[in-house]
Amino acid sequence: MNNDRLLSFLGLCRRAGKMTIGNDAVTENINNGKAYLILLADDVSQRTEEAVRKTLSKCGSRLVIKKLPYSRDDMNAALGKFAGVMSVDDKGFAKKIIEMTGNE
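About the thresholds
- Position numbers for residues count from 1 along each chain, tracking the sequence in the order it is written.
- Local features in this predicted model are restricted to residues whose pLDDT is 70 or higher, and side-chain atom pairs enter the listing and the counts only when it is 80 or higher, whereas totals over whole chains, interfaces and linings include all residues.
- Water and hydrogen atoms were dropped before computing side-chain values, which therefore reflect all heavy atoms in the structure.
- Strand pairing requires that DSSP identify at least two bridges connecting the strands.
- In this description a helix means any DSSP run of H or I spanning at least four residues, a strand means any run of E spanning at least two, and both kinds are numbered starting from the N terminus.
- Whenever a helix is involved, its axis is fitted only over the stretch in contact; in every case the axis is a line through C-alpha atoms, and angles between N-to-C directions fall within 0 to 180 degrees.
- In what follows, a contact means two residues having at least one pair of non-hydrogen atoms within 4.5 Å.
- In the analysis that follows, any N or O atom pair within 3.5 Å is treated as a polar contact, provided that within protein one partner can donate a hydrogen and the other can accept it, and provided that, for residues neighboring in sequence, both atoms belong to side chains.
- Nine residue types can take part in a nonpolar core, namely buried Ala, Val, Leu, Ile, Met, Phe, Trp, Tyr and Cys, and a core is a set of them joined through side-chain atoms within 4.5 Å.
- Throughout, exposure labels follow a simple rule: accessible area from a 1.4 Å probe, protein chains only, divided by the maximum for the residue type, with under 20% read as buried, over 50% as exposed, and the rest as partly exposed.
- By definition, the crossover connecting two strands over a helix is right-handed if that path, from the first strand to the second, turns clockwise as seen with the strands pointing away from the viewer.
- Directions drawn from the helix axis to the C-beta atoms are what define this arc.

Student: Break down the sheet that holds strand β1 (residues 19-21) for me, citing the residues and quoting the values.
Tutor: Either a parallel or an antiparallel arrangement is found when strands of a sheet pair, and the pairing is made through backbone hydrogen bonds. Strand order across the open sheet formed by 4 strands is β1-β4-β2-β3, with mixed pairing between neighbours. A strand with exactly one partner marks an edge of an open sheet, and here the two such strands are β1 and β3 (64-67). Taken over all neighbouring pairs, the strand axes of this sheet differ in orientation by 20 degrees on average, direction set aside. When β1 meets strand β4 (residues 85-88), the two strands line up antiparallel, connected through 3 bridges. Note that in β4 the partner of isoleucine 21 across the bridge is methionine 86. Strands β2 (37-40), β3 and β4 of the sheet are contacted by helix α5 (residues 91-101), whose axis makes an angle of about 50 degrees with β2.

Student: Lay out the side chain of threonine 101 with the relevant residues and their values.
Tutor: Following the sequence through the fold, threonine 101 ends up in helix α5. Within polar-contact distance, the side chain of threonine 101 engages the side chain of lysine 66 at 3.5 Å.

Student: Summarise the nonpolar core; cite the residues concerned and give the values.
Tutor: Among the nonpolar cores identified, the biggest contains 21 residues, and Leu10, Leu39 and Met75 are the most heavily contacted of them. For this core, the secondary-structure elements that each account for two or more residues are α1 (3-15), β1, β2, α4 (72-79), β4 and α5. By residue number, the principal contributor to this core is α1, which donates 5 residues. The residues contacting leucine 10, other than those within four sequence positions of it, are Met19, Leu39, Leu68, Met75, Leu79 and Ile97.

Student: Would you mind going over the pairing of β3 in detail, with residue names and values included?
Tutor: Sheet faces and side chains relate simply in a regular strand, where the side chains alternate between the two faces. Pairing geometry for β2 and β3, over 4 bridges, is parallel. Opposite leucine 37, over in β3, you have valine 64 as the bridge partner. On the question of chirality, the crossover connecting β2 to the parallel β3 by way of helix α3 (residues 46-58) is right-handed.

Student: Quick one: what's the story with helix α2 (residues 23-32), residue by residue and with numbers?
Tutor: Side chains three or four residues apart in an α-helix point the same way, a direct result of the helix having 3.6 residues per turn. Within α2, burial applies to Val26, Asn29 and Ile30. On an axial view of α2, the arc spanned by its buried residues comes to 100 degrees, and they lie on one face. Within α2, the exposed residues directed more than 90 degrees away from the buried face are Asp24 and Glu28. On its buried side, α2 packs onto β1, β2, α3 and β4.

Student: Provide a residue-level description of the environment of leucine 40, including the pertinent values.
Tutor: Following the sequence through the fold, leucine 40 ends up in strand β2. You can call leucine 40 buried: its relative accessible area is 0%. Apart from residues lying up to four places away in sequence, leucine 40 is in contact with Glu49, Ile65, Lys66, Lys67, Leu68, Gly84, Val85 and Met86.

Scope: geometric values only; no functional claims are made or implied.
What follows is the structure in structure tokens.
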């Protein structure tokens, strides 16, 4: 995986308006069925990660959660916003990000 390529693609996803950033906004998207993929920064707290997983299980969602190999600072540089929890709100973007990150 070419990390610079993935970061660039994440930036494109955000600029296209297909990404939601922030725990509360992502939780709302999960509950409303708008999210297709959940992304977590590598240094997101365990508590935050558990809260996202709990939200998914409460609403019976089978969304994929990917923990990215980037810190919140890396995400800030790529997205222009400090981000630990993100949702991808477009099926095509979500599919491509899953392909780029592998199926682990």
